[in-house]
Amino acid sequence: MKNKILVIGSGAREHAIVRALYRSPKEKEIYCLASNMNPGIAELCDKILIGNFNDPSFVVSHTKKVGATLAIIGPENPLANGVADALWDAGIKVVGPKKDLAQLETSKSFARDLLKEYNIPGGPKYQTFNSMEGVADFLKRLGNNYVVKYNGLAGGKGVKVSGDHLHSRSEALAYCQELVNNNGKFVIEEKFIGEEFSLMSFCDGNVLKHMPIVQDHKRAYDEDVGPNTGGMGAYSDANHSLPFLTDYDISQAQEINNKTVQAVKDKFGEGYKGILYGGFMSTANGVKLIEYNARLGDPEAINVLSLLESDFIEICTSITDGTLDKVDVRFSTKATVCKYAVPEGYPDNPIKGEPIDVSKIKNHYRLFYASVDFKETILVEAGSRTIAVVGIADTISEAETIAEKEVLSISGPLFHRTDIGTNAAIQKRIEHMKKLKRESI
Ligand code: AMP
Ligand code: GLY
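Everything numeric in this text was worked out from a predicted model, so none of it was measured.

**Student:** When you look at the environment of leucine 308 in this model, what are you seeing that I'm missing?
**Tutor:** Inspection of the secondary structure puts leucine 308 in the loop between helix H11 (300-307) and helix H12 (312-321). The spatial distance from the C-alpha of leucine 308 to the C-alpha of threonine 333 is 9.8 Å, given a sequence separation of 25 residues. When sequence neighbours within four positions are dropped, the list of residues in contact with leucine 308 reads Arg23, Ile315, Val329, Arg330 and Phe331.

See the structure below:
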């Protein structure tokens, strides 16, 4: 039987998803419900439609119209709006958790409370607030190391970290007051010091199959400075670990993902079907959980799906059917470096509507379109992360050389981070971890 699949979303992550589906030897029709005209997705799909994919009833009617029996949800907003619930109710299988389970991402306090309730390791000291009562006392208790997080989805902009974004107790109090004034619930938690990494796991409700570890780069500029972004690029290593991690770090992160999936099943009596993305920090005191996402990361999906050797349609079907244990999930043992070209001025004042030219790119199979648009027939940047490229090689260093060359060959008013995956940047992270461990003895 032909597989008819609808992909929801139209960024570089979804371009990577569509590519992985397209590579499957199975007979298929691929559809996409998009927010913008992504030419890379359009080329591989049977049909791409621009429409409001955050509206559950519209998504259901479109899915039925194209005859898709499986939907894959890329971004977080449709998950938060219950698109997965509506599709399951209509008899359509979904990769992506239902609204209650997606709270792992959509509510910071839910994720923290769940870890505490089920004695899952890796949580910080934290408290949840919706007024200023007790805020000053709790900040005092945490000393200089605290993080204030708006409770809901904020596109990465709701989190402020002491030392980075909040430079004094009074700035912290002012930010909390701002959240209270906007009727916001928020979490204040202990700040972890270490190196971040992402562990994404396919999950069928019971069984998890883990993907290679990736490190994203959230800050806009080289040397990890500047405003937070959706992610400027990411790398992974040929051994599926990272140069500053131990095997024990990885087993701790896997255990936290595994236990969390069991906990949500116990809490809601229903399995988590989709991708669980754990954002972790390796610290001198072990692995800590920074946050959960209920979907593939962008750009991390580009790194890992580019390495996937197994049949992605089979993996997606097994996620929905609860048969992931029977599927061989294999990734090639290569290193990857992904870099995003973003508009000048991104993320605060991005240029929009200017032409970009990708004709000098050598390997179009390693290029992923994101926030682009067309002015008549001319490809233009649309204001957010524009185009990603990935280099794949035996070492991170070789992959970096490929990615850097390719990203430089894209012309237009764009910039990218030149340091992602370089030997110097990686050495710095290794030294940082060594120093933290030395100091803790
Ligand atoms: P989140 O949206 O929760 O991933 O937070 C965005 C970024 O804030 C993370 O990638 C971290 O760099 C930082 N962050 C969040 N929580 C913590 C924490 N408890 N300790 C240190 N950094 C954090
Ligand atoms: N790259 C981080 C995210 O997808 O949330």
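**Student:** Mind showing me how you'd approach the site of ligand 2 here?
**Tutor:** Ligand 2 sits among Asp216, Gly230, Tyr277, Asn293, Arg295, Gly297, Asp298, Pro299 and Glu300. Taking aspartate 216, its side chain carries an N or O atom lying 2.8 Å from a nitrogen atom of ligand 2. In the model, an oxygen atom of ligand 2 is placed 2.9 Å from a nitrogen or oxygen of the arginine 295 side chain. Contact with the protein chains hides 90% of the accessible area of ligand 2, taken as 200 Å² for the molecule alone. Its residues assigned to classes, the shell around ligand 2 shows 2 nonpolar, 3 polar and 4 charged.

**Student:** Can you walk me through the pattern of salt bridges in this structure?
**Tutor:** Side chains that carry opposite charge are capable of pairing whenever their charged atoms lie near each other. According to the stated counting rule, one finds 26 salt bridges in the structure shown. Glutamate 29 is paired through a salt bridge with lysine 4; the nearest N and O atoms lie 3.8 Å apart. Of the two residues, glutamate 29 sits in strand E2 (residues 28-34) while lysine 4 sits in strand E1 (residues 3-8), which places them 25 residues apart along the sequence. You can call lysine 4 partly exposed: its relative accessible area is 27%. Among the salt bridges present, the one from lysine 93 reaches aspartate 321, with a minimum N-O distance of 2.9 Å. With lysine 93 in strand E5 (residues 93-95) and aspartate 321 in helix H12, the pair connects residues that are 228 residues apart, well separated along the chain.

**Student:** Would you mind going over the sheet that holds strand E7 (residues 146-150) with me for this structure?
**Tutor:** Note on sheets: strands pair through backbone hydrogen bonds, and any given pair is parallel or antiparallel. Spatial strand order, E6-E9-E7-E8: 4 strands in an open sheet with antiparallel pairing. What marks the edges here is a single partner per strand, and that holds for strand E6 (126-129) and strand E8 (159-161). Taking each pair of neighbouring strands and ignoring which way they run, the sheet shows an average axis angle of 15°. Of the strand pairs in this sheet, E7 and strand E9 (residues 186-190) are connected by 5 bridges, and their pairing is antiparallel. From the neighbouring strand, valine 147 faces E9, where its bridge partner is glutamate 189. Along the sheet, helix H7 (residues 108-117) contacts E6, E7, E8 and E9; its crossing angle with E6, the most-contacted strand, is approximately 140°.

**Student:** How should helix H10 (residues 247-268) be read in this particular structure?
**Tutor:** Every α-helix carries 3.6 residues per turn, so stepping three or four residues along brings you back to the same face. Across its 22 residues, H10 extends 32 Å between first and last C-alpha, which sits within 8% of the 32 Å expected from 1.5 Å per residue. Taken as a whole, H10 has its buried residues at Asp249, Ile250, Gln252, Ala253, Ile256, Asn257, Thr260, Val261, Ala263 and Val264.

Conventions we followed
Residues numbered from 1 in each chain as written. Chains lettered and ligands numbered in written order. Predicted model: local features only at pLDDT ≥ 70, side-chain atom pairs only at ≥ 80, totals over all residues. Heavy atoms only, no water. Helix = DSSP H or I, 4+ residues; strand = E, 2+ residues; numbered from the N terminus. Contact = heavy atoms within 4.5 Å. Near = heavy atom within 4 Å. Polar contact = N/O pair within 3.5 Å; in protein donor to acceptor, adjacent residues only side chain to side chain. Areas by Shrake-Rupley, 256 points an atom, 1.4 Å probe, with all protein chains shown as cover. Nonpolar A, V, L, I, M, F, W, Y, C, P; charged D, E, K, R; others polar. Salt bridge = Lys/Arg side-chain N within 4 Å of Asp/Glu carboxyl O. Buried < 20%, exposed > 50% of the residue type's maximum accessible area, 1.4 Å probe, protein only. Pairing = 2+ DSSP bridges. Axes fitted to C-alpha atoms, helices over the stretch in contact; angles between N-to-C directions. Expected span 1.5 Å × (residues − 1).

Such coordinate-based values are descriptive only and should not be taken to indicate function.
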